[in-house]
Amino acid sequence: MEWNAETLQYLSQCFLHTLSPQPEPRRRAESSLSEAADRPNYGLAVLRLVAEPSVDEQIRQAAAVNFKNHLKARWVPSNDPNAGSTFSPILDPEKDQIKALIVSLMLSSTPRIQSQLSEALAVIGKHDFPKSWPTLLPELISSLQKAAQSSDYASINGILGTANSIFKKFRYQYKTNDLLLDLKYCLDNFAAPLLEIFLKTASLIDSTAAAPGGGSPATLRPLFESQRLCCRIFFSLNFQELPEFFEDHMREWMGEFRKYLTTNYPSLESSSDGLALVDELRAAVCENISLYMEKNEEEFQGYLNEFASAVWSLLTNVSQSSSRDKLAVTAMKFLTTVSTSVHHTLFATEGVLPQICQSIVIPNVRLRDEDEELFEMNYIEFIRRDMEGSDLDTRRRIACELLKGIATNYKKQVIDIVSVQIQNLLSSFAANPSANWKDKDCAIYLVVSLATKKAGGTSVSTDLVDVQSFFLSVIVPELQSQDVNGFPMLKAGSLKFFTMFRGLIQKPVAFQLFPDLIRFLGAESNVVHSYAASCIEKLLLVKDEGGKARYTSADITPVVPVLMNNLFNALKFPESEENQYIMKCILRVLAVADISSEIAGPCIVGLTSILNEVCKNPKNPIFNHYLFESVAILVRRACERDTSLISAFEASLFPSLQTILANDVTEFLPYAFQLLAQLVELNKPPISPSYMQIFVLLLSPDSWRRSSNVPALVRLLQAFLQKAPHEINQEGRLNQVLGIFNMLVSSGSTDEQGFYVLNTVIENLEYGVISPYMGNIWNVLFMRLQNNRTVKFQKSLVIFMSLFLVKHGAQNLVDTMNAVQANIFLVILEQFWIPNLKLITGAIELKLTAVASTRLICESPVLLDAAAARVWGKMLDSIVTLLSRPEQDRVEEEPEMPDIAENVGYTATFVKLYNAGKKEDDPLTDVKDPKQFLVASLTKLSAVTPGRYPQIINENLEPANQTALLQLCTTYNCQIV
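Residues numbered from 1 in each chain as written. Predicted model: local features only at pLDDT ≥ 70, side-chain atom pairs only at ≥ 80, totals over all residues. Heavy atoms only, no water.

Looking at an unreviewed UniProt entry, the protein carries the name Importin N-terminal domain-containing protein, with the source organism given as Hibiscus trionum.

Structural data, given as structure tokens:
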């Protein structure tokens with residue numbers, strides 16, 4: 001694209017039309033630009049348009065945004081096959097010209113355009129800086145020095161903003177030699193100019209603020225922005241380790257940092273945006289001193305006392321306004337870091353702890369208007385922060401983290417002070433409950449947040465209060481309140497306390513409150529009915545010593561009808577139609593209670609009506625998963641108890657499942673296939689025609705195109721193979737099933753699923769039915785072995801051959817394999833079976849392969865032949881390794897590389913339904929112990945030709961395995977003669 005008057009006119013018109021409120025001209029313009037973007041020098045032409053002062057500012061800004069996005073897509077185009085359409089890259093000569101122009105253009109632009117060009121520059125810098133763009137840093141430094149001479153803060157902040165963007169990589173990238181070399185280059189060139197501009201700006205702030213009236217806000221604003229950017233660059237350049245230059249000049253940096261924490265700037269702070277700017281600088285300073293506290297404690301300790309008192313006094317004066325949250329949080333994080341360090345003695349001074357508790361912790365733990373608003377307007381976000389601990393950057397959580405930090409060294413003092421505070425808050429509530437309910441909320445929050453959790457477990461404890469008496473005196477009155485809608489935040493806090501300390505609250509006390517918990521499911525507040533559901537669900541998981549469930553089906557079954565009714569009604573509240581906490585509670589109740597037909601009927605009706613609704617627009621994957629698990633557990637537990645319910649369940653579920661299949665509801669197909677498999681397995685042959693229709697659909701290759709459906713389809717196919725073996729052998733269906741096996745086994749990502757199909761065929765069909773197909777099956781497997789032999793495939797092959805042997809005999813195994821190619825059996829045995837046998841894992845698989853291998857060496861003429869003595873010995877060696885060594889000593893995990901190309905485009909993922917899982921079938925129920933089976937078979941075999949086998953064992957088994965075999969013989973009182 002040549003740069004001339006026509007190009008300028010053409011691009012200007014296009015960008016003008018992209019701003020049009022009319023969709024048609026806007027679409028045309030966007031399409032023209034998208035076409036033009038493929039032409040060489042397009043990016044350069046747009047950049048020149050941005051720099052053209054005669055063009056309207058709005059058009060130039062639209063062009064700047066387009067230029068930035070053009071660079072994002074094409075500077076280094078994505079080679080990710082899942083990224084959709086790929087763009088033609090910008091060529092090197094155009095890149096060089098862009099890099100030559102962009103810095104000077106950015107600096108001479110208006111603020112809005114400057115910010116877009118600064119982002120564009122950061123895009124280039126991410127890939128090219130410093131190695132492919134050695135001129136960038138010198139150009140930025142020289143421009144910075146020029147701008148500093150004339151105090152041109154628009155340019156200074158543009159340069160610092162750009163430097164901040166390109167140096168960010170030093171914060172987050174893994175420490176490598178290359179990264180450290182890049183960092184050294186930046187430090188050698190930029191550390192001194194950064195300090196120079198920082199000190200110059202500091203002096204300007206001092207002189208401006210000293211003027212009458214505290215100086216002009218318009219003058220101070222760019223200066224504070226400049227210092228904030230310098231602080232962020234400081235953070236990036238110091239993140240990996242303490243650079244020598246910064247250590248040498250620590251006094252200058254720290255002096256200014258302290259000043260910003262202790263000085264007020266009334267002329268700027270009198271407006272909300274001015275205060276926000278000063279607070280942002282203070283927050284950046286707090287992050288810098290926290291970084292030094294964490295990483296350079298020794299060098300920083302001389303400044304620690306003055307910073308600790310500066311931050312402390314700053315915190316006592318920071319208002320509760322949400323606009324000051326970031327400053328409050330970063331400041332408290334700094335004090336928390338100090339409290340857990342060797343310098344914690346700062347907190348030991350008389351009067352410090354009570355003051356921190358009263359003036360910092362309690363004010364920040366109290367509920368604010370913003371919290372109440374979030375509670376009412378966005379319950380999902382409130383719960384995410386409050387219950388699920390994603391509130392790490394909220395004042396409430398950080399204030400409690402500060403107390404926990406101090407308690408690591410001053411536990412008794414913290415407990416004493418906070419216990420008194422809790423009692424004071426509760427007394428204040430008791431004096432006037434309706435006016436002072438937030439005091440009680442604050443007390444409950446402190447107890448819950450300061451509780452200590454045992455690592456890896458669910459048990460919690462607290463030294464602040466006696467849990468039992470606190471529960472009875474403070475929590476129970478809230479839970480027994482007849483008005484489920486009064487003071488909802490207090491109710492939510494009480495339910496959260498009950499949930500958290502559920503293990504410590506004795507069963508008679510907790511059990512008495514079950515009816516109250518069920519009542520709270522009817523509360524209008526989304527948070528309250530969610531917390532009530534969560535509390536019931538978690539109580540049903542409590543285990544006593546020895547792992548026995550505390551609450552059994554006998555406890556819960558009497559209340560199930562009213563409990564289920566309230567749970568389903570709670571899903572009718574606005575915004576709780578897909579409430580995952582309620583659905584998880586439904587799932588848990590169905591897992592624990594006795595499911596009689598009186599309970600099962602309303603439940604299946606309720607669940608299918610929800611299912612029909614969510615099919616229209618699946619939104620919440622967690623809710624949907626619990627929904628399908630609930631259906632699966634209901635079907636499993638109700639039908640185990642009463643098989644007559646199967647037909648009623650089919651009548652309810654079939655229309656919903658058919659809707660999912662007919663409308664191709666992608667997200668739900670894997671679930672639908674798993675539920676169908678579950679229903680097929682519950683049926684007694686012959687299978688009804690409606691299932692056979694689904695079976696026809698299952699055999700069509702189209703159904704298998706989506707990888708996310710494959711495991712569920714295999715599960716359904718296995719169910720049909722088990723329940724309808726005769727139907728499989730009609731109308732060419734077995735041929736279709738083996739076609740599916742062939743397709744699955746040929747690909748590395750689905751070969752295991754292919755073996756599941758094949759193993760089910762071998763297990764459920766007579767040998768006479770499958771023998772005509774065996775030549776073809778071996779051909780497919782040997783071809784895959786030749787082309788792509790992964791460890792996973794070889795292990796699956798050993799399991800398949802073992803299953804074939806135990807089902808249809810060693811002779812049929814040897815003959816069908818050798819029919820494909822003469823003597824191939826011994827080749828496969830030696831090259832694949834023997835080396836991979838010791839890698840088998842899983843109790844059923846281990847027994848199957850060990851017994852099959854034992855039968856092979858004890859019954860197969862091929863291996864009993866004297867010429868095969870060495871192979872016989874190696875096979876026994878592998879069997880003994882499998883049976884005598886622990887899994888971690890014989891199996892090395894091989895990370896399988898997924899074949900990305902097979903999953904191009906968006907795919908819904910397969911999620912296994914735990915409650916619709918397939919029961920593991922043991923094909924060798926008659927053999928209890930594979931070790932005993934081995935030595936008993938060897939004893940019997942050796943008795944036929946005494947003296948032959950001890951010699952073979954001596955020559956071919958590793959010494960450790962000879963010892964292990966001898967020990968097995970002793971254990972089972974057998975002898976190999």
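Trainee: Just checking my understanding: could you explain the overall build of the protein for this structure?
Mentor: From N to C terminus, the protein includes 52 helices and two strands. With respect to the three principal axes, the spread of C-alpha positions in the protein is 110 × 80 × 65 Å. Within the span of the protein, comprising 977 residues, buried residues form 53% of the whole. At a minimum sequence separation of 6, the contacts of the protein that also span at least 24 residues come to 74%. Surface exposure of the protein reaches about 43,500 Å², of which carbon and sulfur atoms provide 52%. Distance from the positive charge centre (88 side chains) to the negative charge centre (107 side chains) of the protein: 2 Å. (Helix = DSSP H or I, 4+ residues; strand = E, 2+ residues; numbered from the N terminus. Buried < 20%, exposed > 50% of the residue type's maximum accessible area, 1.4 Å probe, protein only. Contact = heavy atoms within 4.5 Å. Areas by Shrake-Rupley, 256 points an atom, 1.4 Å probe, with all protein chains shown as cover. Lys, Arg positive; Asp, Glu negative; His and termini not counted. Charge placed at Lys NZ, Arg CZ, Asp CG, Glu CD.)

Trainee: Which parts of the structure should I look at to understand unusual backbone geometry?
Mentor: It is generally the case that most residues other than glycine have a negative phi and that most peptide bonds are trans. Going from phenylalanine 129 to proline 130, the amide bond is cis rather than trans, its omega being -5°. Tracing the backbone through its elements, the reader meets proline 130 in the loop between helix H6 (111–128) and helix H7 (136–149). Its identity as a non-glycine residue notwithstanding, asparagine 41 has a phi of 65°, on the positive side. Positive phi outside glycine occurs at asparagine 973, with the angle close to 55°. Relative to the helices and strands, asparagine 973 resides in the segment after helix H52 (959–971).

Trainee: Got a minute to help me understand the pattern of salt bridges in this structure?
Mentor: Any two side chains of opposite charge can pair if their charged atoms end up close together. Counted according to the given criterion, the structure contains 49 salt bridges. One salt bridge in this structure joins glutamate 280 and arginine 228, with 3.7 Å as the shortest N-O distance. Here glutamate 280 is found in helix H15 (residues 272–295), whereas its partner arginine 228 is found in helix H11 (residues 217–238), with 52 residues between them in sequence. We classify glutamate 280 as partly exposed; its relative accessible area is 40%. A salt bridge links lysine 507 to aspartate 555, with the nearest nitrogen and oxygen atoms 2.7 Å apart. A residue pair is termed long-range when its members are at least 10 positions apart, and lysine 507 in helix H26 (residues 507–512) and aspartate 555 in helix H29 (residues 553–556) qualify at 48 residues. Residue class for aspartate 555 comes out buried when judged on its relative accessible area of 16%. (Salt bridge = Lys/Arg side-chain N within 4 Å of Asp/Glu carboxyl O.)

Trainee: Explanation requested: a negative patch on the surface in the structure shown.
Mentor: On the surface, Glu244, Glu247, Asp248, Glu298 and Glu299 cluster together into a patch of negative charge. Sorting the residues of the negative patch by element identifies helix H12 (244–248) and helix H16 (297–317) as the ones contributing at least two each. With three residues, the top contributor of residues to the negative patch is H12. (Patch = residues over 30% accessible without salt bridge, like charges linked within 9 Å, V, L, I, M, F, W, Y side chains within 5 Å.)

Trainee: Just to check I follow, could you spell out the packing of helix H17 (residues 325–339) against helix H21 (residues 395–407) for this structure?
Mentor: Two packed helices can be described by the angle between their axes and the distance between those axes. Contact pair H17 / H21: the axes reach a minimum separation of 8 Å and the direction vectors enclose 15°. The pairing of H17 with H21 is recorded here as roughly parallel in orientation. Once H17 is placed against H21, the crossing between them reads as left-handed. In this structure, H17 contributes Asp325, Ala328, Val329, Met332, Lys333, Leu335, Thr336 and Ser339 to the contact, and H21 contributes Arg395, Ile398, Ala399, Glu401, Leu402, Gly405 and Ile406. Considered class by class, the residues forming the contact of H17 with H21 number eight nonpolar, three polar and four charged. (Axes fitted to C-alpha atoms, helices over the stretch in contact; angles between N-to-C directions. Parallel < 35°, antiparallel > 145°, perpendicular 65-115°, else oblique. Left-handed = near helix turned anticlockwise from the far one by under 90°. Nonpolar A, V, L, I, M, F, W, Y, C, P; charged D, E, K, R; others polar.)

Trainee: What is the right way to read the nonpolar core from this model?
Mentor: Soluble, globular proteins show a tendency: their nonpolar side chains are buried together. In this structure, Phe167, Leu446, Leu781 and Phe800 are the most contacted members of the largest nonpolar core, which totals 351 residues. Looking at which element gives the most residues to this core, the answer is helix H10 (residues 177–209), with twelve residues. Not counting the four nearest positions on each side in its chain, phenylalanine 167 is found in contact with Phe129, Leu137, Cys186, Phe190, Ile233, Ser236 and Leu237. (Core = buried A, V, L, I, M, F, W, Y, C linked by side-chain atoms within 4.5 Å.)

Trainee: I keep staring at helix H18 (residues 352–365) and nothing clicks. Help me out?
Mentor: Residues spaced three or four apart along an α-helix face the same direction, because each turn holds 3.6 residues. In this model H18 runs 18 Å from its N-terminal to its C-terminal C-alpha over 14 residues, within 8% of the 20 Å that 1.5 Å per residue would give. A bend of about 30° at glutamine 358 is the largest found in H18. Buried within H18 are the following residues: Val352, Leu353, Ile356, Cys357, Ile360, Val361, Ile362, Asn364 and Val365. (Expected span 1.5 Å × (residues − 1). Bend = angle between axes of the 7 residues up to and from the residue.)

Trainee: How should empty space enclosed by the protein be read in this particular structure?
Mentor: Per the stated rule, a full pass over the model turns up two cavities of 30 Å³ or more. Counted as a void, the largest cavity has a volume near 120 Å³. Residue lining of the largest cavity: 14 residues in total, with Asp386, Arg396, Asp441, Tyr445 and Gly493 positioned closest to the centre. At the level of secondary structure, the elements contributing two or more residues to the lining of the largest cavity comprise helix H20 (379–386), helix H23 (437–449) and helix H25 (488–500). For the lining of the largest cavity, the class distribution of residues is nine nonpolar, one polar and four charged. Taken as a whole, the second largest cavity encloses approximately 40 Å³ of empty space. For the lining of the second largest cavity, the elements supplying multiple residues, two or more each, are H18, H21 and helix H22 (411–431). (1 Å grid on protein atoms, 1.4 Å probe; cavity = no way out; pocket = protein on both sides within 12 Å on 5 of 7 lines; lining within 4 Å. Points joined across faces, edges and corners; volume = space filled by probe spheres on them.)

Trainee: Looking at this structure, I do not really get the environment of lysine 491. What am I missing?
Mentor: Relative to the helices and strands, lysine 491 resides in helix H25. For lysine 491, the contacting residues outside a window of four places in its chain are Glu478, Ser481, Asp483, Gly486, Phe520 and Val528.

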